[in-house]
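# Per-entry structural report
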Amino acid sequence: MGSPSSKEKTDQPEYSGPILYYNDTVLDHFTNPRNVGELAENETDGYGLVGDPMCGDQMKLWISIRSERIDRIAFKSYGCPGAIATSSMLTDLAKGRTVEEAKRITDDDVVEALGGIPERKKHCSLLGVLALQAAIKDWETKCSLKKESEP
Ligand code: FES
């Protein structure tokens, strides 16, 4: 056994697709995503499920809220590296913030916190933001229903 001969190396088919350059922060969040998983039903105050109709990627996100702050947050992403890295950073940004602060987090905030992502992957950062907004809306709906049912 030895190393591959130069003939074997040149027989490799050349990759001709687009090459995307991710910075170290993005790669770190992609390979070691924060807050991955889900919250148990009895711990979940809000839940969001969103999808990107263009690529078919999906994002599920759970939040628990204590004293109007995002106490716990978890996500599962069926998506590309951009979706996973941006969702991971989004959860880091949202954790500990008040609900009102979390509502104001934008996809640009996420991209900036990551130090940038390739232009063609910027739309991926919207998936996590929309899932967070959906989870907050779910919590707000539950709160108003609860208030309405109170005597
Ligand atoms: Fe679909 Fe990234 S390509 S979210």
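Residues numbered from 1 in each chain as written. Predicted model: local features only at pLDDT ≥ 70, side-chain atom pairs only at ≥ 80, totals over all residues. Heavy atoms only, no water.

## Things to note about the pattern of salt bridges
The final tally for this structure, using the stated rule, is eight salt bridges. Residue arginine 72 is joined to glutamate 43 by a salt bridge in which the shortest nitrogen-to-oxygen separation is 3.1 Å. On the criterion of sequence distance, the pair formed by arginine 72 in strand E3 (residues 69–78) and glutamate 43 in the loop between helix H2 (24–31) and strand E1 (46–51) is long-range, its members being 29 residues apart. Residue classification places arginine 72 among the partly exposed positions, given a relative accessible area of 37%. A salt bridge links lysine 103 to glutamate 140; its shortest N-O distance comes to 2.7 Å. Here lysine 103 is found in helix H4 (residues 99–103), whereas its partner glutamate 140 is found in helix H6 (residues 125–149), with 37 residues between them in sequence. (Salt bridge = Lys/Arg side-chain N within 4 Å of Asp/Glu carboxyl O. Helix = DSSP H or I, 4+ residues; strand = E, 2+ residues; numbered from the N terminus. Buried < 20%, exposed > 50% of the residue type's maximum accessible area, 1.4 Å probe, protein only.)

## Side note on the packing of H2 against helix H3 (residues 81–94)
The interhelical angle for the contact between H2 and H3, taken along N-to-C directions, is 90°, at an axis separation of 8 Å. Viewed along their axes, H2 and H3 adopt a mutual orientation that is roughly perpendicular. Of the residues in H3, those touching H2 at Thr25, Val26, His29 and Phe30 are Pro81, Ile84, Ala85, Ser88, Met89 and Asp92. The class makeup of the residues in the contact of H2 with H3 is six nonpolar, three polar and one charged. (Axes fitted to C-alpha atoms, helices over the stretch in contact; angles between N-to-C directions. Parallel < 35°, antiparallel > 145°, perpendicular 65-115°, else oblique. Contact = heavy atoms within 4.5 Å. Nonpolar A, V, L, I, M, F, W, Y, C, P; charged D, E, K, R; others polar.)

## Brief notes about H6
Its 25 residues place the ends of H6 37 Å apart at the C-alpha level, agreeing with the 36 Å of an ideal helix rising 1.5 Å per residue. Where H6 is concerned, the buried positions are Ser125, Leu127, Gly128, Val129, Ala131, Leu132, Ala135, Ile136 and Trp139. Of the surrounding secondary structure, the elements contacted by the buried residues of H6 are E1, strand E2 (58–66), E3, H3, H4 and helix H5 (107–113). (Expected span 1.5 Å × (residues − 1).)

## Thoughts on unusual backbone geometry
Most peptide bonds are trans, and most residues other than glycine sit at a negative phi. With a phi close to 60°, asparagine 35 is a non-glycine residue in the positive phi region. Mapped onto the secondary structure, asparagine 35 falls in the loop between H2 and E1. Unlike most non-glycine residues, glutamate 68 shows phi in positive territory, near 65°. Tracing the backbone shows glutamate 68 in the loop between E2 and E3.

## Quick word on the nonpolar core
Judged by nonpolar contacts, the single largest core of 31 residues is most densely connected at Leu61, Ile63, Val110 and Leu132. Breaking this core down by element, the ones donating at least two residues are E2, E3, H3, H4, H5 and H6. Here the element with the most residues in this core is H6; it accounts for seven residues. In this view, leucine 132 contacts Leu61, Ile63, Ile70, Ile73, Leu90, Ala94, Ala102 and Ile105; residues no more than four positions away in its chain are not counted. (Core = buried A, V, L, I, M, F, W, Y, C linked by side-chain atoms within 4.5 Å.)

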